[in-house]
Amino acid sequence: MVDTLLIIGIFALVFLILLTLIAAVLYSGLLENVQIGAGKPFVKNLVVAYKFEQGPYKNVGDLFTRTVALAPDNRSFGVYYDDPREVQAEHCRYIVGSILAEGQEQETDENVRQTLVKNGYHLYSFPAVTNCVKTTFPYRTSLSCLIAVYRVYPLLANYIKENRLCAHPMMEIYDGFEIQFMAPLAKQDEFYVPEVRDEDEEDDESVVTESSFIETASASVSAPTEVGKLKPPTKLLAQNPEAVTDVKELSPDQDSSKPPTPTDDSKSSDNGASSASSFEDLNMDQDDMKKWSELNEEVTQPEN
């Protein structure tokens, strides 16, 4: 009897734990209706203190915890610059920080500002924009952040793609019991902090340098030898240096495999003797002439 009651108690406890977990997940926003739209953003121009990090977005929670501990009364935010579906996790760039002031009239808390700066945060200002892609999600428990990542961002990406919008980067603002998501449709470059802009400029410079190197290498390649203008090397022309002075340069219309046409001066002498002595003066052996003829035929053959 005691064993039966113990087993029943264990099952009841497990059931209650599971029921509590399900209730907590539902309360955190699992079935929340997420509506994506475009319109006026949640905030105006902002003065913020931020820290830049690079790595997997799953590590962002620790930086949020440290930021909230330093400025518990301020709204915290995060900006994500890279799409994790296209960029490797270790190369994803993001910032997390605290909103010090909003609009033109609100002043920053000097004590909070100094505390953040002493802890390695940098100051920056985001501009006011007229339109953005936006939505909200309830912030009720710590599970709300995890659920929001898996529910909101795919819907935002689909909305931007279907409407062919240029909306970036992605921004989260934690305002009380609500998480505000927005991606500006204008002045996007002004949402990129100096650390991100410097990396992008370095990447652009490396691409330009590589492109210039390729163009220079391509231009340095010599043009192909023109057909009919290939000249035999000197060592094939003559073994006797004195014989080179008697060689006449072939004209473009003349077949390089034939001996040069006799000039008027040579016609005054015996024609047969001139023809016979032309190769004797060159002192060229048959093997060298054969190599030259084969080389000339390869150059003059048209490309397939």
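It should be emphasised that the depicted structure is a prediction, and the values quoted were computed from it without experimental measurement.

What counts as what
Residues numbered from 1 in each chain as written. Predicted model: local features only at pLDDT ≥ 70, side-chain atom pairs only at ≥ 80, totals over all residues. Heavy atoms only, no water. Helix = DSSP H or I, 4+ residues; strand = E, 2+ residues; numbered from the N terminus. Buried < 20%, exposed > 50% of the residue type's maximum accessible area, 1.4 Å probe, protein only. Contact = heavy atoms within 4.5 Å. Areas by Shrake-Rupley, 256 points an atom, 1.4 Å probe, with all protein chains shown as cover. Phe/Tyr/Trp six-rings, centres within 6.5 Å; stacked < 30°, edge-to-face > 60°. Pairing = 2+ DSSP bridges. Salt bridge = Lys/Arg side-chain N within 4 Å of Asp/Glu carboxyl O. Axes fitted to C-alpha atoms, helices over the stretch in contact; angles between N-to-C directions.

Student: I'd like a description of the overall build of the chain, backed by residues and values.
Tutor: Across its full length, the chain carries 10 helices and eight strands. For the chain, the residues scored as buried account for 28% of the 304 residues in total. Excluding contacts between residues fewer than 6 apart, the proportion of contacts in the chain whose partners are at least 24 apart in sequence is 74%. Here the chain displays about 20,500 Å² of accessible surface, and carbon together with sulfur accounts for 54% of that area.

Student: Outline the packing of aromatic side chains, supporting the account with residue identities and numerical values.
Tutor: Working definition: an aromatic ring pair is given by the centre-to-centre distance plus the angle between the planes. All told, the structure shown has 11 aromatic pairs when counted by the stated rule. Taking 6.3 Å as the distance between ring centres and 85° as the angle between the ring planes, the aromatic pair formed by Y50 and Y124 counts as edge-to-face. Of this pair, Y50 sits in strand β2 (residues 46-54) while Y124 sits in strand β5 (residues 122-126), and the two are 74 residues apart along the sequence. Taken individually, Y50 and Y124 each receive the classification buried, so the pair is uniform in this respect. Where Y153 meets F181, the ring centres are 5.5 Å apart and the plane angle is 90°; that geometry is what we call edge-to-face. Of this pair, Y153 sits in helix α4 (residues 142-162) while F181 sits in strand β8 (residues 178-184); the two residues are 28 residues apart in sequence, bridging distant segments of the chain. Here Y153 and F181 have matching classes, each one buried. Following the ring pairs from residue to residue traces out a cluster consisting of Y50, F77, Y124, F126 and F191.

Student: Any details on the pairing of strand β3 (residues 76-80)? Residues and values, ideally.
Tutor: Among the five residues of β3, five are classified as buried, and the element is accordingly described as predominantly covered. Both faces of β3 are covered, namely the face carrying S76, G78 and Y80 and the face carrying F77 and V79. Note: β3 against strand β7 (residues 170-175), five bridges, orientation antiparallel. The residue of β7 that forms the bridge with V79 is M171.

Student: Describe unusual backbone geometry, and please don't skip the residues or the numbers.
Tutor: Backbone torsion omega between H168 and P169 reads -10°, so that peptide bond is classified as cis. Its place among the elements puts P169 in the loop between α4 and β7. Of note in the backbone geometry, R164 takes a positive phi value of approximately 50° without being a glycine. Among the structural elements, R164 can be located in the loop between α4 and β7.

Student: Explain the pattern of salt bridges residue by residue, including any values.
Tutor: Throughout the structure, instances matching the rule amount to six salt bridges. A salt bridge links R113 to E110, with the shortest nitrogen-to-oxygen separation between them at 2.3 Å. Of this pair, R113 and E110 both sit in helix α3 (residues 110-118), separated by three residues, roughly a single helical turn. On the basis of relative accessible area, R113 is assigned to the partly exposed category, the value being 23%. For E110, a relative accessible area of 35% puts it in the partly exposed group. One network of salt bridges, with partners in common, ties together D82, R93 and E199.

Student: I'd like to hear about the sheet that holds strand β1 (residues 37-39), residue by residue, with values.
Tutor: As summarised here, the arrangement of the eight strands in space is β1-β6-β8-β7-β3-β4-β2-β5, forming an open sheet in which the pairing is antiparallel. A strand with exactly one partner marks an edge of an open sheet, and here the two such strands are β1 and β5. Each strand of the sheet is rotated relative to its neighbour by a mean of 30°, with strand direction disregarded. α3 contacts β2, β4 (93-102) and β5 of the sheet and is inclined by roughly 160° relative to β4. Across the face of the sheet, α4 comes into contact with β1, β3, β6 (132-138), β7 and β8 while running at roughly 155° to β6.

No statement about biological role is implied by the geometric values presented.
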